[in-house]
Amino acid sequence: MDETDVIVIGGGPAGENVADRVVQGGLSAVLVESELVGGECSYWACMPSKALLRPVHALRSAQHVAGAAQAATGALDVAAVLARRDAVVADWSDDGQVDWLRSAGIVLVRGAGRITGEREVTVTDEDGSTRAIRARHAVVVATGSDPVVPPVPGLAEAQPWTSREATGAQQVPESLAIIGGGVVGVEMATAYAALGSRVTVLARHGLLERMEPFAGERVAASLREAGVDVRTGTSVTAVERDDDGVRMALDGGGEVVAAEVLVATGRRPRTDDLGLDVVGLVPGEPIAVDDTMRATGHDWLYAVGDANGRALLTHQGKYQARAAGDVIVARATGARVDDHAWGRHVATADERAVPQVVFSDPEVAAVGMTAAEAERSGARTRVVDHDLGAVAGAYLHADGYAGQARMVVDADTGVLLGATFVGPDVAELLHAATVAVVGQVPLARLWHAVPAYPTVSEVWLRLLETYGRDSA
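Residues numbered from 1 in each chain as written. Predicted model: local features only at pLDDT ≥ 70, side-chain atom pairs only at ≥ 80, totals over all residues. Heavy atoms only, no water.

> Go over helix 7 (residues 183–194) with me, naming the residues and quoting the values.
Quick reminder: α-helices carry 3.6 residues per turn. Residues three or four places apart thus point the same way. The end-to-end C-alpha distance of helix 7 is 17 Å, a good match for the 16 Å that 12 residues give at a rise of 1.5 Å each. Within helix 7, 9 of the 12 residues are buried, which leaves it mostly tucked inside the rest of the structure. Here helix 7 has its buried residues at Gly185, Val186, Glu187, Met188, Ala189, Thr190, Ala191, Tyr192 and Ala193. Gly196 lies just past helix 7 and shows a positive phi near 110°. (Helix = DSSP H or I, 4+ residues; strand = E, 2+ residues; numbered from the N terminus. Expected span 1.5 Å × (residues − 1). Buried < 20%, exposed > 50% of the residue type's maximum accessible area, 1.4 Å probe, protein only.)

Below you can see the structure in the form of structure tokens.
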């Protein structure tokens, strides 16, 4: 049986980062991957979806600035947009990522990895051949997640799109129905409507339900303005594909017919065929971990990224991976483990300061708690809102700039608990808010963080003024 210090199952961003950290720490690592090295994010999620959306935002930015608007008179070149997307994902080739693994000193084993004992993984390749590998120190599960297809009669049989088909399509369908009003749903509605598809969004509740209510409301209004048929409070009860396309019966009566249907109703950890039952864990469920990413009751097993269900975002998976890789090295070498809150070997931000950007039109950027979450936490809070369009930098950024900013403040400590921004290009406002939340910077000190004029970041000053300096 082959041996190595650490085995990582899953070669997406989280798995790559764990392997890199342990090798940098002086250990050996084998990375097991059954598909493309780089994972979902590189080929079927973050990168291709943003490649589809970037031309949409660039054109609309030009159209909202007098002078540039007169030059931006044409429509998007769909073929060029799709070709650029193909280039971004390297035509679905992982040669570059594999070269990086070799340069980093990480051993790649192609195939499906399965835990077959304590610290033991058996890899089955495409030909059915197997290879057993034993880890001297740790096995790390970094297998990502799969889209959820709800048990609606006929839906699975209708061969719906998931995020993979939506981000990888080689042609734009004449019409597209999207089931779900979350991040994938609104981003793909934004992209495909701009690319010429007739889009219908069918959401059981509102849009972007986990964010501040005004975020979903503003995005829904913008989608409708772009010609998208947004139906909230609507459920699909039955689906059938026929010669006319995909027919979807709705709970309130009537139906929607579209050339394709995209299911965007969430994701679940990809842990169902990993052999978790061999070590007393439940297949198909998230792997429960502590803040060092070590699985409950197993001192050799770790899980990072979507596989642990903590925060299904690429950047959080990479953050967890850095902590896990470093703590595996520390435990293997007898070094001190820094597992206190905000320490080197923990992922404290998963619970207190998760940043997220929705690349819809307008963009939504948020970190930390919403007002409702803060209230449920028991904190005594103050919520401050400001019109982003009233900031001088926003006035210059785009004609008719419309947006909203909110900060949620712990009234007892005077620190930021959360912030949300909605408007054109607000993604770049988010990291300042993330630093303030993670650093627990008192508002009294934030008054001395002077935003440059005239930038949209001046909204920070306006939020502070609205809160009141005496209150801070």
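> Please set out the packing of aromatic side chains residue by residue, giving values where relevant.
Here the structure, examined in full by the defined rule, presents 3 aromatic pairs. Judged by centre distance (5.8 Å) and plane angle (55°), the rings of Trp161 and Tyr192 are tilted. With Trp161 in the loop between strand 7 (145–147) and helix 6 (163–168) and Tyr192 in helix 7, this residue pair connects regions lying 31 residues apart in the sequence. One exposure class covers both Trp161 and Tyr192, and it is buried. Geometry around Trp44 places Arg164 over its ring, the cationic atom sitting 3.6 Å from the centre. A cation over an aromatic ring shows up here: Arg382 above the ring of Tyr467, its NZ or CZ 4.2 Å from the ring centre. (Phe/Tyr/Trp six-rings, centres within 6.5 Å; stacked < 30°, edge-to-face > 60°. Lys NZ or Arg CZ within 6 Å of the ring centre and 35° of its normal.)

> I'd like to hear about the sheet that holds strand 17 (residues 355–358), residue by residue, with values.
Overall, antiparallel pairing links the 5 strands, which are arranged 17-18-21-20-19 in an open sheet. A single partner strand is all that each edge strand has here, and the edge strands are strand 17 and strand 19 (381–387). Each adjacent strand pair in this sheet contributes to an overall mean axis angle of 10°, direction not counted. Where strand 17 lies against strand 18 (residues 363–368), 4 bridges are found, and the strand directions are antiparallel. Bridge pairing in strand 18 links Val357 to Ala365. (Pairing = 2+ DSSP bridges. Axes fitted to C-alpha atoms, helices over the stretch in contact; angles between N-to-C directions.)

> Can you tell me about the packing of helix 1 (residues 13–24) against helix 5 (residues 95–104), naming the residues and giving the values?
Relative to each other, helix 1 and helix 5 sit at 20°, their axes nearing to 10 Å. It follows that helix 1 is roughly parallel to helix 5 by the angle criterion. Along this stretch, helix 1 crosses helix 5, giving a crossing that reads as left-handed. In contact with Glu16, Asp20 and Val23 of helix 1, helix 5 contributes Gln97, Trp100 and Ala104. Tallied by class, the residues present in the contact of helix 1 with helix 5 amount to 3 nonpolar, 1 polar and 2 charged. (Parallel < 35°, antiparallel > 145°, perpendicular 65-115°, else oblique. Left-handed = near helix turned anticlockwise from the far one by under 90°. Contact = heavy atoms within 4.5 Å. Nonpolar A, V, L, I, M, F, W, Y, C, P; charged D, E, K, R; others polar.)

> I'd like a rundown of unusual backbone geometry, residues and numbers included.
The peptide bond linking Asp361 to Pro362 adopts the cis configuration, its omega dihedral lying at 10°. By the element assignment, Pro362 lies in the loop between strand 17 and strand 18. The residue after Tyr453, namely Pro454, is reached through a cis peptide bond having omega -5°. Structurally, the position occupied by Pro454 is in the loop between helix 14 (443–446) and helix 15 (459–467). If you check the backbone angles, Ala90 has positive phi at about 55° while not being a glycine. One non-glycine residue, Gln440, lies in the positive phi region at around 50°. Along the polypeptide, Gln440 turns up in the loop between helix 13 (430–439) and helix 14.

Distances and angles like these do not, on their own, reveal function.
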